[in-house]
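The lines below spell out each chain.
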Amino acid sequence: MSPSERRLVILGVAASDSHAVANHLIAHALRGLGFEVENLGTCTPVEEFAQACEQHPDAEAVIIGSLNGHVHEDLRDLPAAREAGRITCPVIVGGNLSVGSKKDPRDLERLRALGVDRILQDPAQLLPALDELRASRTADRQRLPVAS
């Protein structure tokens, strides 16, 4: 696989969440599809995602899972990391994204306001989301003017 074909993602579970099974299953599935996965594991603060992005500037996405419902609090530092240019690739979040059985649609807007690009309701949405984001970035690069 050439460097331009390389597909690297950064994966982890939100800071207050120690649920590991889905994280490992997603990493395994992505590797089976040919992705390189930098798996940061469970209880990963935004700072560690930012450090991984700095170490892997070619990462095509940061994928953050959360099952305990506290992702909004866990991602409170995401806006600053994005503004500082420490996380420049798309951020994808999935899992159980709020506490309680009644889900408030405003929770999704709160995540977008924090700097989350994609919110997934089902793990099966991950590969199509990654492919769509990659196609969008490729199209954006093709539209950039060429310096003379």
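The structure under discussion appears in the preceding block.
The present account deals with the structure reproduced in this document. Here the structure is a predicted model, which means the values were calculated and not measured.

We now examine the overall build of the protein. When helices and strands are tallied, the protein shows six helices and five strands. Listed by position from the N terminus, the elements making up the protein come as β-α-β-α-β-α-α-β-α-β-α. Expected size for 148 residues packed as a compact globule is a radius of gyration near 15 Å; at 15 Å, the protein falls within 12% of this value. Oriented by its inertia axes, the alpha-carbon framework of the protein measures out at about 55 × 30 × 25 Å. Looking at the protein residue by residue over its 148 residues, the buried ones come to 38%. Counting contacts in the protein only where the partners sit at least 6 residues apart, residues at least 24 apart contribute 77% of the total. In the form shown here, the protein has an accessible surface area of approximately 8500 Å², with 54% of it arising from carbon and sulfur atoms. A gap of 4 Å separates the mean positions of the 16 positive and 21 negative side-chain charges of the protein.

On the secondary structure map, S66 appears in strand β3 (residues 61-66). A distance of 3.5 Å separates the side chain of S66 from the side chain of N68, its partner in a polar contact. If we ignore the near neighbours within four places in the chain, the residues touching S66 are A14, D17, V71, G94, G95, N96 and L97.

The next subject is the pattern of salt bridges. Inspection of the entire model under this criterion finds 12 salt bridges. Put simply, R76 and E73 hold a salt bridge, and the shortest N to O gap is 3.0 Å. The partner of R82 in a salt bridge is D117, and the shortest N-O contact between them spans 3.0 Å. With R82 in helix α4 (residues 78-83) and D117 in the loop between α5 (106-114) and β5 (118-120), the pair connects residues that are 35 residues apart, well separated along the chain. Accessibility expressed as a relative area gives 38% for D117, which makes it partly exposed. Three or more residues joined by partner-sharing salt bridges are found here, namely R6, E36 and D58.

When we look at burial in helix α2 (residues 46-55), the residues that qualify are V46, F49, A50, A52 and C53. What you see down the axis of α2 is that its buried residues fit within an arc of 160°, all on one side. In this structure, the buried residues of α2 make contact with β1 (8-13), β3, α3 (71-74) and α4.

Criteria and cut-off values
Here the residue numbers are simple positions, counted from 1 along each chain's written sequence. This being a predicted model, a pLDDT of at least 70 is required before a residue's local features are given, and a value of 80 or more before pairs of side-chain atoms are given or counted; all residues contribute to the totals for chains, interfaces and linings. Note that the side-chain values use all heavy atoms of the structure and ignore hydrogens as well as water. Secondary structure elements are defined from DSSP: runs of H or I of at least 4 residues count as helices, runs of E of at least 2 residues count as strands, and each element is numbered from the N terminus. Throughout, the radius of gyration refers to the C-alpha atoms, and the reference size of a globule is 2.2 Å times the residue count to the power 0.38. Only protein chains enter the area calculation, which uses a 1.4 Å probe; residues under 20% of their type maximum are buried, those over 50% are exposed, and those in between are partly exposed. In what follows, residue pairs with any heavy atoms lying within 4.5 Å of each other are defined as contacts. Throughout, the Shrake-Rupley method with a 1.4 Å probe supplies accessible areas, and for residues the shown protein chains are the sole cover considered. Positive residues here are Lys and Arg, negative ones are Asp and Glu, while His and the chain termini are left out of the count. Taken as the charge centre is NZ of Lys, CZ of Arg, CG of Asp or CD of Glu, depending on the residue. Counting of polar contacts relies on pairs of N or O atoms within 3.5 Å, with two restrictions inside protein: one atom must be capable of donating a hydrogen and the other of accepting it, and residues adjacent in sequence are counted only when both atoms are side-chain atoms. Each reported salt bridge corresponds to a side-chain nitrogen of Lys or Arg within 4 Å of a carboxyl oxygen of Asp or Glu. This arc describes the spread of directions from the helix axis toward the C-beta atoms.

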